[in-house]
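Notes for the structure review
Letter by letter, the chains look like this.
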Amino acid sequence: MADNYSLVSMKIINFLGLEDVNINFTNKDQPRKIMTIFGHQGSGKTTILRAIQWCAYGTKFRDKFHPLSRTKIFPLSWSGNQQGDIVVSMRFRSFNSIEPDNDIQCKRTLSINSDIDKLEVSVGDENFDRFKSENYFSQIFGKNPGDFDAVMWLIRQEEMLTMSKTISQANNSTNSYFLNFMNLDVSEDALSELLNTNLEEIDRIGKGQGIYTPEYLNNINTSIKDLELKIQDYSFKLNVLMSDKKNFSLNAQEEKAADLRESFISANQELNSAKIELANLKIKRGEVPELFHALMAAKLIKKEIEIDQSFDGSKFEWGEIATYLSKTNRIPNQYIDIIRSIGNGSGYDTSNLFNAKQKISSWESRIRKLKSALTRYHKAALAVDDFTKNGITDEKTASAVKKMKERNKINEEFKDRELEIGLMERNLKAQKKERAKATKSLKAESEKRERLDELKRINSVIYALKNSIALSNEDYIKEMFDSTIQRVKQYWNEIDLIGKYEPMLEDNENPEFVLRRKKDGKIVRISDGANISTAAGGEQQLLLVCTCLAVSESSGAKMPMILDDCFTDIDKKTREKLVEVVAKKFGSMILVTNDPDKGKLLKNSDGVLNLQWPSKWNQINQSNYTEWHKWTENVNG
Amino acid sequence: MSETYHQRLREKYSRILQERLSNDEIISQLSDKDIELLFNELRKWFGTSPPETSRVKSGLKEIIQQKIDSDVIELGD
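Bear in mind that the values here come from a model prediction, so they are computed numbers and not experimental data. Every chain begins its residue count from 1, and numbering advances along the sequence as written. Chain letters and ligand numbers both follow the written order, the letters beginning at A and the numbers at 1. It should be noted that, the model being predicted, local features are given only for residues of pLDDT at least 70 and side-chain atom pairs only at 80 or more, the latter also being counted only at that level, while totals for whole chains, interfaces and linings use all residues. Excluded from the side-chain calculation are hydrogens and water; included are all heavy atoms of the structure.

Comments concerning the overall build of chain A
Put simply, the rule reads: Strands are runs of DSSP state E lasting at least two residues, helices are runs of H or I lasting at least four, and both sets are numbered from the N terminus onward. For every residue, the accessible area obtained with a 1.4 Å probe (protein chains only) is divided by the maximum for its type, and the residue is called buried under 20%, exposed over 50%, and partly exposed between those limits. Pairs of residues are marked as contacts when any of their non-hydrogen atoms sit within 4.5 Å. Using a 1.4 Å probe, accessible areas were evaluated by the Shrake-Rupley method; residue-level cover was limited to the displayed protein chains.
The helix and strand tally for chain A stands at 17 helices and 19 strands. Across the 637 residues of chain A, 44% fall into the buried class. Across chain A, contacts joining residues at least 24 apart in sequence account for 72% of those joining residues at least 6 apart. Here chain A has roughly 34700 Å² of accessible surface; of this, 48% comes from carbon and sulfur atoms.

See below:
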């Protein structure tokens, strides 16, 4: 962007008395740098200036009495009601450019149903959005002045006092126009945005602190190490047990022997018991006769044969019976002899037989028991015999059982160890997982801390930059304030031809320039513009103009300087000098006046825009436009 | 106003800012090259057509986050 611009053209639609006009400010297609706009009262000079101002800063919606408020810019014919769009377009060209390719074109529109202006700016083929348009524009015209502030590039009589009072605000770092040109807002905003983004990230990182500590990780590492050693130890013991298991393994026979041990013991116990019982029930030799008699008696009773006390042997052929019984080989000979003796007629003593009758039932019972014991004995003997035939001995079964017990014990121990190792390995796996988690978390924490530190360092730099800019602003304002004060004096010294007064800054709470009469030091204050009629009235006005020029210069505004009839009380020669100095210093200037004499002040001017508006006209439009204005070399009186 | 007047305003502010940057407690910890990088990035926008904040931000961000060595900055307690 260039530093100085000239106005190339304007198009105005429905702005006050200008219904539809195009004003061309070029001379043979080149912008005029120094020109006069001349016209009598009501010819439209102020309207053109207001249109430029409105295009630059927009409608003052809040202040109904401001000249640029909505209804104040309506054509009179609308009677206070908007009847169409209000549009002002301007075209600027930089001093360095002779071609229109990079001209800045801006267009402000207030549509009939809209509550805001619309500003469109384009440079060459590039169109800017609203935000960029306003920023671009502000570089040409400076920041939008407040409702009661003056415009920096437009020196107008009624506003000179206001403009000169900006001196008192100039030293205020928060409200100084000196910085408008420097365009630091964008850098400051960018730094603030960066800062806020970082602070948000710092806040985000700061939340959710990790739960793991380095001490925790150390403890887990120690625990894992201990566990691994323990597992190793148990595994070694397990291997030993495995080897023992092999040593105490049973073959099939041993397994069988071990299984049969109980049965074997039981069978032997049964045999012994049966033996004892048999031994107890065994009929002794001395008991045989009693048994015999009891059996005989039982037989006889069964056959219902009476047993006499004594016995007559004649009834039977006892000799034959004895012979018969002898043949059976079942009866012992002694009894055969007894029976034969009965036959011999000696008779038989039946007392034993008779006595045996009492013992029949006990002998019957004993014999039954004996039979049972015998059966039991045989059975037990068979079982034991069977074990023996199969090689199942007491020694073998005892040995097998012992071996089995040992083996089982080893197996139990082996299982327990295996279980323990399994538990430890599961525990180890869990701890390793926890360690990995803790390691990852601590690493993330460490990275977080590093990032936090990095952000804090970056923020330190950003704060330092902002602080440096703030301090630089203060320094710059002070320097610019001092140089502006000097510029006022320089302008005065250059333009004042009388030399009676000198400007002086009264440096109080609200600094302002006053005139000090050189001969006696009398102070003349700049009074309200309406009352400038004293002897120093012209000097006061000149002081105001010099102040305004210095203020405008230091604001850095890039618009052509416009002087709008701001030196009515200054003498002619001083006026000439003033205009000469301004044209030379500012390079681009528009002098607006209704005074032919003043209109002729600009030497080396690029032309005069003569405006002639008869009172009978309501507005300027296409039909009367060419009559209204024309460019001349000089002012037409 | 002559074309050089605006340039003088920029130079004046640049001089002031450069001095402030060199004297700043934090900025002075950076290398001269980094200070110059920061300074040049800022002065790019003095008194020019104001670009969008995002463009200035991205330029400054690149310098501050990627190009200068801010590890030399000592963090206070």
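Here's the deal with the overall build of chain B
Looking only at helices and strands, one finds three helices and zero strands in chain B. Listed N to C, the secondary structure of chain B is α-α-α in terms of helices and strands. Counting all 77 residues of chain B, 49% fall into the buried class. For chain B, long-range pairs separated by at least 24 residues make up 60% of all intrachain contacts whose partners lie at least 6 apart in sequence. Split by element, the accessible area of chain B, about 4100 Å² in all, is 42% carbon and sulfur.

With respect to the interface of chain A and chain B
We apply this condition: Defined here as a combined quantity, buried area equals the accessible surface (1.4 Å probe) lost by two parts on assembly, summed across both. Salt bridge, as used here: a side-chain nitrogen of Lys or Arg that lies within 4 Å of a carboxyl oxygen of Asp or Glu. Here a polar contact is taken to be a pair of N or O atoms separated by no more than 3.5 Å, where protein atoms must pair a possible hydrogen donor with a possible acceptor and residues adjacent in sequence count only if both atoms sit in side chains. Only Asp, Glu, Lys and Arg are considered charged, only Ala, Val, Leu, Ile, Met, Phe, Trp, Tyr, Cys and Pro nonpolar, and every remaining residue, Gly among them, polar.
Between chain A and chain B, the residue contacts involve 52 residues of the former and 41 residues of the latter. A combined buried area of about 4400 Å² lies between chain A and chain B, and 63% of that area is made up of carbon and sulfur atoms. The tally of links between chain A and chain B comes to four salt bridges. One salt bridge in this structure joins B:Arg20 and A:Asp475, with 2.7 Å as the shortest N-O distance. Our count for the contact surface shared by chain A and chain B stands at seven residue pairs in polar contact (both at pLDDT 80 or more). For the side of chain A that touches chain B, the secondary structure elements donating two or more residues are helix 2 (130–141), helix 5 (184–206), helix 13 (394–495), helix 14 (537–555) and helix 15 (572–586) of chain A. Among the elements that take part in the side of chain A that touches chain B, helix 13 of chain A stands out by supplying 20 residues, more than any other. Residue classes in the side of chain A that touches chain B are distributed as 21 nonpolar, 18 polar and 13 charged.

Re the packing of aromatic side chains
Residues and elements named next belong to chain A. We apply this condition: Between rings of Phe, Tyr and Trp, where Trp is taken as its six-membered ring, a pair exists when centres lie within 6.5 Å; planes separated by under 30 degrees are stacked, by over 60 edge-to-face, and by other angles tilted. Only lysine NZ and arginine CZ atoms are considered, and such an atom sits over a ring when it is within 6 Å of the ring centre and within 35 degrees of the ring normal.
Under the defined criterion, the tally for this structure stands at eight aromatic pairs over all chains. For the ring pair Phe15 and Trp54, a centre distance of 5.8 Å and an interplane angle of 50° mean the geometry is tilted. In this pair, Phe15 sits in strand 1 (residues 5–15) while Trp54 sits in helix 1 (residues 45–57), placing the two residues 39 residues apart along the sequence. The positively charged end of Lys245 is found above the aromatic ring belonging to Phe414, 4.5 Å away from the centroid. Against the face of Tyr491 rests Arg487, its NZ or CZ located 4.5 Å from the ring centre.

A short note on the pairing of strand 16 (residues 561–564) of chain A
Residues and elements named next belong to chain A. Definition in use: Strand pairing is assigned whenever DSSP identifies at least 2 bridges connecting the two strands.
Here strand 16 shows a buried face lined by Met561 and Leu563 and a second buried face lined by Ile562 and Asp564. Across three bridges, strand 10 (residues 154–156) lies against strand 16 in parallel orientation. In the strand pairing of strand 16, Ile155 is matched with Leu563. Where strand 16 lies against strand 17 (residues 589–593), four bridges are found, and the strand directions are parallel. The partner of Ile562 across the bridge, within strand 17, is Ile590.

Structural notes on the sheet that holds strand 16 of chain A
Either a parallel or an antiparallel arrangement is found when strands of a sheet pair, and the pairing is made through backbone hydrogen bonds. All names here are of chain A. Condition: As a rule, the C-alpha atoms of each element are fitted with a line to give its axis, helices using only the stretch in contact, and angles between N-to-C directions run from 0 to 180 degrees.
The sheet built from six strands is open, its strands ordered 10-16-17-5-18-19 with mixed pairing. Two strands in the sheet have a free side with no partner beyond their single neighbour: strand 10 and strand 19 (629–632). Averaged over neighbouring strand pairs, the angle between their axes works out to 15° when direction is ignored. Here five bridges tie strand 5 (residues 34–39) to strand 17, and the two strands are oriented parallel to one another. Each residue of the ladder has a partner; that of Thr36, found in strand 17, is Leu591.

Re the side chain of A:Asp103
All names here are of chain A. Here Asp103 shows up in the loop between strand 6 (86–94) and strand 7 (104–110). Polar side-chain contacts of Asp103 include one of 2.7 Å to the side chain of Arg91. A polar side-chain atom of Asp103 sits 2.7 Å from a polar atom in the side chain of Arg93. When neighbours within four sequence positions are excluded, Asp103 is seen to be in contact with Val8, Arg91, Phe92, Arg93, Ser122, Val123 and Gly124.

Examining the nonpolar core
All names here are of chain A. Using the following cut-off: We define the nonpolar core as a collection of buried residues of types Ala, Val, Leu, Ile, Met, Phe, Trp, Tyr and Cys that are connected through side-chain atoms lying within 4.5 Å of one another.
Among the nonpolar cores identified, the biggest contains 135 residues, and Met10, Ile23, Ile52, Met90, Phe141, Trp153 and Trp628 are the most heavily contacted of them. At 15 residues, helix 13 tops the list of elements feeding residues into this core. Not counting residues within four places of it along the chain, the set of residues in contact with Trp153 comprises Ile52, Gln53, Ala56, Tyr57, Phe141, Ser552, Ala557, Met559, Pro560, Met561 and Ile562. Of all hydrophobic cores here, the second largest spans 12 residues; its members include Ile220, Leu238, Phe414 and Met424.

Description of the environment of A:Arg449
Counting through the fold element by element, A:Arg449 comes out in helix 13. Taking the C-alpha atoms as reference points, A:Arg449 and A:Ile205, 244 residues apart in sequence, are found 8.6 Å from one another.

Points about the packing of helix 13 of chain A against helix 14 of chain A
Residues and elements named next belong to chain A. The test is simple: Angle categories are assigned with fixed cut-offs, so that under 35 degrees is roughly parallel, over 145 is roughly antiparallel, 65 to 115 is roughly perpendicular, and the rest are oblique. Each crossing gets its hand from how the near helix is turned against the far one by less than a right angle, where anticlockwise is left-handed and clockwise is right-handed.
Here helix 13 crosses helix 14 at 135°, and the two axes come no closer than 8 Å. Put simply, helix 13 runs oblique to helix 14. In this structure, helix 13 crosses over helix 14, and the sense of that crossing is right-handed. Each of Met480, Thr484, Arg487, Val488, Tyr491, Trp492 and Ile495 in helix 13 lies in contact with helix 14, whose residues at this interface are Glu539, Leu542, Leu543, Cys546, Thr547, Leu549, Ala550, Val551, Glu553 and Ser554. A class-by-class count of the residues in the contact of helix 13 with helix 14 yields 11 nonpolar, three polar and three charged.

Remarks on the sheet that holds strand 13 (residues 501–506) of chain A
Residue and element names in this part refer to chain A. In space, the three strands of this open sheet follow the order 13-14-15, with antiparallel pairing throughout. What marks the edges here is a single partner per strand, and that holds for strand 13 and strand 15 (523–525). On average, each strand axis in the sheet is tilted by 40° relative to the strand beside it, whichever way the strands run. Pairing geometry for strand 14 (residues 512–517) and strand 15, over three bridges, is antiparallel.

Thoughts on helix 7 (residues 252–281) of chain A
Residues and elements named next belong to chain A. Convention followed: Every helix has an expected span of 1.5 Å times one less than the residues it contains. Bend, in this description, refers to the angle at a residue between axes fitted to the seven residues ending there and the seven starting there.
The end-to-end C-alpha separation of helix 7 is 42 Å, in line with the 44 Å expected for 30 residues at 1.5 Å each. The largest bend along helix 7 measures about 45° and falls at Leu260. Against the buried residues of helix 7 lie helix 12 (360–389) and helix 13. You can read the cap of helix 7 off the contacts: a side-chain oxygen lies 3.1 Å from the backbone nitrogen of Gln253, and it is on Asn251.

Concerning the pattern of salt bridges
All names here are of chain A. A complete count under the given rule lists 31 salt bridges over all chains for this structure. In this structure, Asp103 and Arg91 form a salt bridge, with 2.7 Å as the shortest nitrogen-oxygen distance. A residue pair is termed long-range when its members are at least 10 positions apart, and Asp103 in the loop between strand 6 and strand 7 and Arg91 in strand 6 qualify at 12 residues. A salt bridge links Arg376 to Glu277; the shortest N-O distance between them is 2.7 Å. Taken as a pair, Arg376 in helix 12 and Glu277 in helix 7 lie far apart in primary sequence, 99 residues in all. Its relative accessible area of 28% is what places Glu277 among the partly exposed residues. Salt bridges sharing partners connect three or more residues here, namely Arg91, Arg93 and Asp103.

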